[in-house]
Amino acid sequence: MSNENGAISHEKVIIVGSGPAGYTAAIYAARAELKPLMFSGMQPGGQLMITTDVENYPGYAQGIMGPQMMEDFRLQAERFGTRIKYETIAKVELESHPKKIWSETGELYLADTVIISTGATAKWLGIDAEQRYANRGVSACAVCDGFFFRGKEVVIVGAGDTAAEEALYLSKLSPTVHMLIRRDEMRASKIMQNRVLNTPNIKMYWNTEAVDISGEDKVRAVHVKNNQTGEETVIEADALFVAIGHKPNTDIFAGQLDMDEAGYLIVTPGSTYTNIDGVFASGDAADKHYRQAVTAAGTGCMAALDAERWLAAREAEAVSA
Ligand code: NDP
């Protein structure tokens, strides 16, 4: 069944992505009776589906498992009438009015407004052990998972601002943070480098890479190699934090939406407005600094309110014309 231009439907709001930002946008848009249609994307629920306990999201006093939390978000969004398509989108034309979105099955959807909440994907080292010990001591988020290893030795890989920030965070919880840097210098800003280098319980390993992990059922040691000398050593530790950057899931919008050199969408500060009228960006796709579930949810709320007000202004213009 198709209507105008061969489209399946013409929506007031289409939300692309189903993490905390997307679901929160959906809850707000649905309660504003905008009947949002959501495309869940490749990983319904987003990055929280691959986390275990979440203890820093307000409202869950006892903590909650990431997948359960996203199930709660989904149920809340659906309760108010959000419709979810468990599909990814293949192509967009955002400049047109209405905006055009093609699903992976080739079907065309029209939308007056689009909220983008496609998130970001953590980069991994690519060693086999990383998958074997996923959620058993290997993590890509020190702020989320560092607390579970307080009082324990931990290893962190990375040399950018994120790694520096996370190493400093971990240094408050762990007796020793073993920091692996693959070159002989850090990429992080000078101020962050200085903080790391002046923190006594952060031990630096220059020209060093993680090559393997051992431990019966969870991480007990990280095997490292000096890439200059070839020397291999073992660091006894209970966790390996990988902090080598994230990639925002925004490739599909390249050439249409303004983004920085890393691909993060650029919004007007203090809002979720992108460079295209009627297109709003929320969550990690537009945030390289905070990247927390609660901040993503906050910007998802902002995006829905921005979309609602944008639609109301358009309707008011149409009435007075
Ligand atoms: P970056 O891309 O800046 O840094 C990634 C780091 O990981 C690099 O040092 C890189 O090493 C290292 N790395 C990449 N792949 C591997 C690998 N396979 N093995 C070992 N090390 C690897 O990412 P960040 O997430 O740190 O930062 C992203 C952006 O966000 C930056 O612009 C940063 O400034 C910004 N940011 C700002 C913050 C702030 O201002 N408070 C906080 C956090 C981020 P190499 O240097 O050798 O390439």
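Structural notes, computed from the coordinates. (Residues numbered from 1 in each chain as written. Predicted model: local features only at pLDDT ≥ 70, side-chain atom pairs only at ≥ 80, totals over all residues. Heavy atoms only, no water.)

**What about the sheet that holds strand β14 (residues 208–214)?**
If you walk across this open sheet you meet the three strands as β14-β15-β16, and the pairing is antiparallel. Among the strands making up the open sheet, the edge pair consists of β14 and β16 (232–236). The mean angle between the axes of side-by-side strands here comes to 30°, regardless of whether they run parallel or antiparallel. The pairing of strand β15 (residues 221–226) with β16 spans five bridges and is antiparallel. Bridge assignment links Val 222 to a residue of β16, and that residue is Ile 235. (Pairing = 2+ DSSP bridges. Helix = DSSP H or I, 4+ residues; strand = E, 2+ residues; numbered from the N terminus. Axes fitted to C-alpha atoms, helices over the stretch in contact; angles between N-to-C directions.)

**Points about the site of the ligand**
Surrounding the ligand, one finds 14 residues, the nearest of these being Asp 161, Thr 162, Glu 165, Arg 183 and Arg 187. Between an oxygen atom of the ligand and a side-chain N or O atom of Arg 183, the distance comes to 2.7 Å. Within the side chain of Arg 187, one N or O atom sits 2.5 Å away from an oxygen atom of the ligand. Isolated, the ligand exposes 910 Å² of accessible area, and the fraction of that covered by the protein chains is 73%. (Near = heavy atom within 4 Å. Polar contact = N/O pair within 3.5 Å; in protein donor to acceptor, adjacent residues only side chain to side chain. Areas by Shrake-Rupley, 256 points an atom, 1.4 Å probe, with all protein chains shown as cover.)

**Focus: the sheet that holds strand β17 (residues 239–242)**
Read across the open sheet, the five strands follow the order β10-β17-β11-β12-β13; overall the sheet is parallel. The open sheet terminates on both sides in strands that have one partner only, identified here as β10 (138–139) and β13 (202–205). Across four bridges, strand β12 (residues 177–180) lies against β13 in parallel orientation. Bridging across to β13, His 178 finds its partner in Lys 203.

**Describing the nonpolar core**
By size, the foremost hydrophobic cluster in this structure holds 27 residues, and its most contacted members are Ile 15, Tyr 23, Tyr 57, Met 69 and Ile 115. Secondary-structure elements contributing two or more residues to this core are β1 (9–16), α1 (20–31), α2 (66–79) and α7 (293–320). If you tally residues by element for this core, the top one is α7, at seven residues. In this structure Tyr 23 touches Ser 18, Met 38, Gly 45, Met 70, Phe 73, Arg 74, Ala 77 and Ile 84, once residues within four positions along its chain are discounted. Residues Val 154, Val 177, Met 179 and Ala 243 belong to the second largest nonpolar core, which totals 22 residues. (Core = buried A, V, L, I, M, F, W, Y, C linked by side-chain atoms within 4.5 Å. Buried < 20%, exposed > 50% of the residue type's maximum accessible area, 1.4 Å probe, protein only. Contact = heavy atoms within 4.5 Å.)

**Examining unusual backbone geometry**
Residue Pro 98 is reached from His 97 by a cis peptide bond, and omega for that bond is -5°. Along the chain, Pro 98 falls in the loop between β6 (89–93) and β7 (99–103). Look at Glu 33: it is not a glycine, yet its phi comes out positive at around 60°. You can see Glu 33 is positioned in the loop between α1 and β2 (37–39). Among the residues examined, Glu 33 registers a relative accessible area of 61% and is labelled exposed. For Lys 35, which is not a glycine, the phi torsion comes out positive at approximately 45°. If you trace the backbone, Lys 35 turns up in the loop between α1 and β2. The exposure class assigned to Lys 35 is exposed, which follows from its relative accessible area of 56%.

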